[in-house]
Amino acid sequence: MTVETLIEQVAGLGQDVLTPVIRGVLGDDSASPALGWSVNPIGKSFGAGTLGIFHVSGDATSADGSKSWSVVAKVMDLDPNDSSNLNSAYNGPDAEIRAYESGLLSTIGSQISSDQTFRAARHFGTSSVDGLGTILWIEDLSAAPSPPWDDKTCAEVGRHMGHFNAYWELNKPEPQSWFMSDGFGSRTGVSLNRWSSLGDYTSDPLVKRGSPPDVLRDLSNLHGQILPVIEAINAGPRPLNHVDAQPRNLFPMPLDNGGFETVAIDWASLGYAPLGTDPAQIVGSSLTWCEVEPEHGVLLHEKVLDGFVTGLSDMGWSGNIELVRLSYMTQAMIRSANMLFHAVRWIDNPEHKPLLSRAMGRPVEAIVDQQRDTFRAVYPSFQKTLTASGM
């Protein structure tokens, strides 16, 4: 289904579908949407089962007069015959719907702290529409600044993430079938296979460019170190994590007091992971998308990690901080190594090369250089953290 077709179908939804949504958005049970709402696509990259995400806005009439409204419609295909959607399992569109409908996400902000530093985007219902799919209606977060953020914002988001993770470590929820049980472990196994095979492609010019001798040496060393580190991390705290806490899924929403709260979307991967998993994605994703320079990225890692540790302390968590730091840097290191592999392996594929170049807004050679330099920058920080942990 094309974007144009999806826009046409969302614009043509009946008032019976939109009325309960708009009443939830406005907090007004007398509101009714006026005909002629606008629909605009949001984003470029979607997970399995997501057909498109749209900003929908318009006017409404109510007992209090005319009001403007806006909401986000996430259109998903939950076809039970399509196994790629991972329906009724973790990391699929059905998992995100279950997360919202369970009521678990609505408790996050109010129970974490009085100022609600971290919460899920508000949910205004789910609609099943024949010929279109399932629509998840969530809060419009367009008032938040887009990434990349400044250093202060990154550090504060890290602190808010500490509040979120510490809350679920101290207040463990009942396990659910749609929780991701071991996202960190399964992804790490894939990573180890990638690293061990990288040397098989060194005859390729782009692989040579991205993996000079010093990088191959350090990657080989990392491969030999990582398994006992992963075992130690997995033996530590494993609270409920968002698991995909990249900046594109986090929104620093301004508050009246001049600060902001961090609001998260895309809860399809919600599940258990080592403490430190979520904040490591904040800077790791920015480095992946070449949004920050490698050396600056290392400094941002330190600021986000310090903010995260402060957030844990804010909530009264007093566990092994060195293990948390090791968990964070291990996952930052794994992400850097993975992107190096993708850059030097996939980039030479005629199908992927122009797609990746357009997505990142730079020539493929520049992407390879960036990922190589990111690995070089993060590797010493990981080794320093590993030494400090006593391993």
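Reading guide: rules and limits
Residues numbered from 1 in each chain as written. Predicted model: local features only at pLDDT ≥ 70, side-chain atom pairs only at ≥ 80, totals over all residues. Heavy atoms only, no water. Axes fitted to C-alpha atoms, helices over the stretch in contact; angles between N-to-C directions. Helix = DSSP H or I, 4+ residues; strand = E, 2+ residues; numbered from the N terminus. Parallel < 35°, antiparallel > 145°, perpendicular 65-115°, else oblique. Contact = heavy atoms within 4.5 Å. Nonpolar A, V, L, I, M, F, W, Y, C, P; charged D, E, K, R; others polar. Salt bridge = Lys/Arg side-chain N within 4 Å of Asp/Glu carboxyl O. Buried < 20%, exposed > 50% of the residue type's maximum accessible area, 1.4 Å probe, protein only. Polar contact = N/O pair within 3.5 Å; in protein donor to acceptor, adjacent residues only side chain to side chain. Expected span 1.5 Å × (residues − 1).

Side note on the packing of helix α12 (residues 352–360) against helix α13 (residues 364–389)
Now for step 1: The geometry of α12 relative to α13 is characterised by a closest axis approach of 9 Å and an angle of 70° between their N-to-C directions. One finds that α12 runs roughly perpendicular with respect to α13. Residues Lys353, Leu356, Ser357 and Met360 of α12 pack against Val364, Ile367 and Gln371 of α13.
Now for step 2: For the contact of α12 with α13, the residue count by class is 4 nonpolar, 2 polar and 1 charged.

What to know about the pattern of salt bridges
Any two side chains of opposite charge can pair, on the condition that their charged atoms come close.
Now for step 1: For the coordinates displayed, the defined rule picks out 20 salt bridges.
Now for step 2: Note that Asp28 and Lys67 form a salt bridge whose closest N and O atoms lie 2.8 Å from each other. Of this pair, Asp28 sits in the loop between α2 (15–26) and β1 (32–33) while Lys67 sits in strand β4 (residues 65–76); the two residues are 39 residues apart in sequence, bridging distant segments of the chain.
Now for step 3: Between Asp369 and Arg372 there is a salt bridge, and its shortest N-O distance comes to 3.1 Å. With Asp369 and Arg372 both in helix α13 and 3 residues apart, this pair spans about one turn of that helix. Both residues of the pair, Asp369 and Arg372, belong to the buried class.
Now for step 4: Each of the salt bridges in this network shares a partner with another, and the network as a whole consists of Arg209, Asp214, Asp369, Arg372, Asp373 and Arg376.

Digging into the side chain of His55
Now for step 1: Assignment of secondary structure puts His55 in strand β3 (residues 50–62).
Now for step 2: A polar atom in the side chain of His55 sits 3.0 Å from the side chain of Asp140.
Now for step 3: Those residues within four positions of His55 in sequence are excluded, and the remaining contacts are Ser38, Val39, Asn40, Ile42, Ser70, Val71, Asp140 and Ser142.

A short note on α2
Since one α-helical turn is 3.6 residues long, residues separated by three or four positions face the same way.
Now for step 1: An ideal rise of 1.5 Å per residue puts 16 Å on 12 residues; α2 measures up with 15 Å between its terminal C-alpha atoms.
Now for step 2: Turning to α2, its buried residues number three or more, namely Val17, Leu18, Thr19, Val21 and Ile22.
Now for step 3: Turning to α2, the residues buried within the fold contact β1, β3, β4, β6 (123–129) and β7 (133–138).
Now for step 4: Just downstream of α2 lies Gly27, where phi reads positive at about 65°.

All quantities given are derived from atomic positions and should not be read as evidence of function.
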